[in-house]
Structure formats: C-alpha cells, structure tokens
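# Observations on the model geometry
Chain by chain, the residues run as shown.
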Amino acid sequence: MLLLKCPCTSGESMPKAIFRFYEELNDFLPECQRKTDFEAAFQGKRSVKDMIEALGVPHTEIDLILINGKSVDFSYIIQDGDRVSVYPVFESLNIENATRLRKVPLRDTRFIAHVHLRDMVKYMRLLGLDVYYDPLLSNRQLIEISRRQKRIILTRSKKLLKFREVTHGIFVRPGTVESQIKRIIDYLDLRESINPFSRCLGCNNLLEKVPKEKIIHRIPPKTKDLYHEYTMCSTCDKIYWRGPHYIELKKIIDLILDGPGSREADNSLEKQE
Ligand SMILES: [Zn+2]
C-alpha cells in the first residue's frame, strides 16, 4: 500500500490516523490528499467529525464513515493508528449493517439558498422546486429556518456547512447554473418532483389558476387577446401567462434536465405584471 506522508497534516511524534476520502469528497481536499491514503496527526481527544472537518470536508457531505472497516457515527473518538474511510452522501455501496449518518432523509425535498445563489433560486423555482431565499438572512437565521422548516441548505460556503447545527446541506460546486441544478436534481433523484411553471419566481409560493375575467383589467390589451390561461401568486399578486418568453424558459428547463450547462438561453425569466 502506498501511504503518502502529507506535509499538510503530518506531525512527527503525535498520534496519527490514516484517512481516505471517496468520490466527490476529494474536491474539498488539497491535491496531495486526493484519492489516496494519507496520514493526519492529531492531539488529545478528537472526534472523527472534528478531524474530517479540520481536513476541509463539511460533515453534511458525508453519509458513511468506516473506522478499521466498521461503521461509526460522528462522535467516534479517533485512536492512534485508526484507518478512516469516508464516503459521500448517496455514494452507492453495500452498507448493510453499517451506520448511515443521515438516517432520516428529508421527505418533501425543500431548500434554502445562501445569499450568493440568486440565479440558481430563480431557475429552481422555474422547475417548481421549493427554494426559500432571503438575501438578508444571517448564517444563524438561515440555519434556524433550515432546521425548523426541514430545508436543505444550498451554499458555496464550506464554512456554513461546518456549523454543528447544520444537518442537511449541499455544497454547490462551480459550474453554470444549469449544470449546478442538474447535479442537485440527479444527486437527490428529484426528477419526479419537477413541475415547471408551478411556482412564483419572485416569492416561491405555489401558483393558482385564475380565470381571465377576474384579472382582465390587469392584462395588457394584446396579451388578453392572445392568451387565455393565467396563473397568479396569492402572496405577491404577480400574474403569469405563457407568452413568447415561455419558449425561452422551456429551453432553459430542457438544458437543465437534459443537456450540459449552457448560458445561451439566459434571458429574462419573468413575465408578470
Ligand atoms: Zn409570489
């Protein structure tokens, strides 16, 4: 076995454990620790969770930890000479009799997005996914809402995912918005939950069908002759219809669901009064 003495974490006379991270967890590690066994030195009583996070991997990304071949939970105290294998969420492997760290998956998949993901929020709502977004939230408030409403945190901040209170979170990797959303959909197997044009892009509320007569005074004259189906958001009062912009939006949806990420169809997403 090749054992790399990684300069990032070695300590001569200190106790050490051997770590190996699998699949996309390697993205969080420096080059010298990726896809290989490496030693990490430690002092005193350290939980496996602390050590993994100190190495740079947020605990929310992890589904299974094996120590010397046996599954453990986050509170396991690392011992000198331990061999630690760390697997990402949804990595498919035979884990019969193993302790999955996320025992209870969130049933209705709902999200809360960090401040810097505004574009992603709009596109996800376009697909009908439930994404809470408020750019004014502090990290603490965001985590609190995530816990209370059982929402998965979407973020580009590893720091946020390392808060102890965070139970469900996804680190959004670099890429186009379309490819980032596609990855989340595939990751969580969300295709069945997609219902395009069902949610308000502005406030996340579900849209309701509204008879044209009821809102006719709010529709531009040409539009009301051409289009007969309208939906409305009861929270922010916006009206939606499938005008010319619909084709552009459909292209974006197809890009997200089928193709590799591209920005070609990145036109205005909203058409409302
Ligand atoms: Zn709304």
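Scope of this entry: the structure provided in the associated data block. (Residues numbered from 1 in each chain as written. Predicted model: local features only at pLDDT ≥ 70, side-chain atom pairs only at ≥ 80, totals over all residues.)

### Observations regarding the sheet that holds strand S8 (residues 152–155)
Ordered by their spatial adjacency, four strands build an open sheet running S7-S6-S8-S9, and the pairing between neighbours is parallel. The two strands at the open ends of the sheet, each matched to only one other strand, are strand S7 (130–133) and strand S9 (169–171). Pairs of neighbouring strands in the sheet enclose a mean axial angle of 30°, with direction left out of account. In terms of strand pairing, strand S6 (residues 110–113) meets S7 through four bridges, oriented parallel. If you follow Arg 110 over to S7, its bridge partner there is Asp 130. Its contacts with the sheet place helix H2 (residues 118–126) against S6 and S7, and it is angled at close to 150° to S7. Across the sheet, helix H3 (residues 139–148) is in contact with S6, S7 and S8; its angle to S6 comes to roughly 175°. (Pairing = 2+ DSSP bridges. Helix = DSSP H or I, 4+ residues; strand = E, 2+ residues; numbered from the N terminus. Axes fitted to C-alpha atoms, helices over the stretch in contact; angles between N-to-C directions. Contact = placed C-beta atoms within 7 Å.)

### Quick notes on helix H8 (residues 245–257)
Given 3.6 residues per turn, any residue in an α-helix points the same way as the ones three and four places further on. Between its terminal C-alpha atoms H8 stretches 19 Å, which fits the 18 Å expected from 13 residues at 1.5 Å a residue. Buried within H8 are the following residues: Leu 249, Ile 252, Ile 253, Leu 255 and Ile 256. Down the axis of H8, the buried set is contained in an arc of 160°. They therefore lie on one face. Among the exposed residues of H8, those pointing more than 90 degrees away from its buried face are Ile 247 and Asp 254. Where the residues of H8 are buried, they touch H2 and helix H5 (177–188). (Expected span 1.5 Å × (residues − 1). Buried ≥ 20, exposed ≤ 12 C-beta atoms within 10 Å, placed from the backbone. Arc of directions from axis to C-beta.)

Remember that the coordinates give geometry; whether it matters functionally is a separate question.
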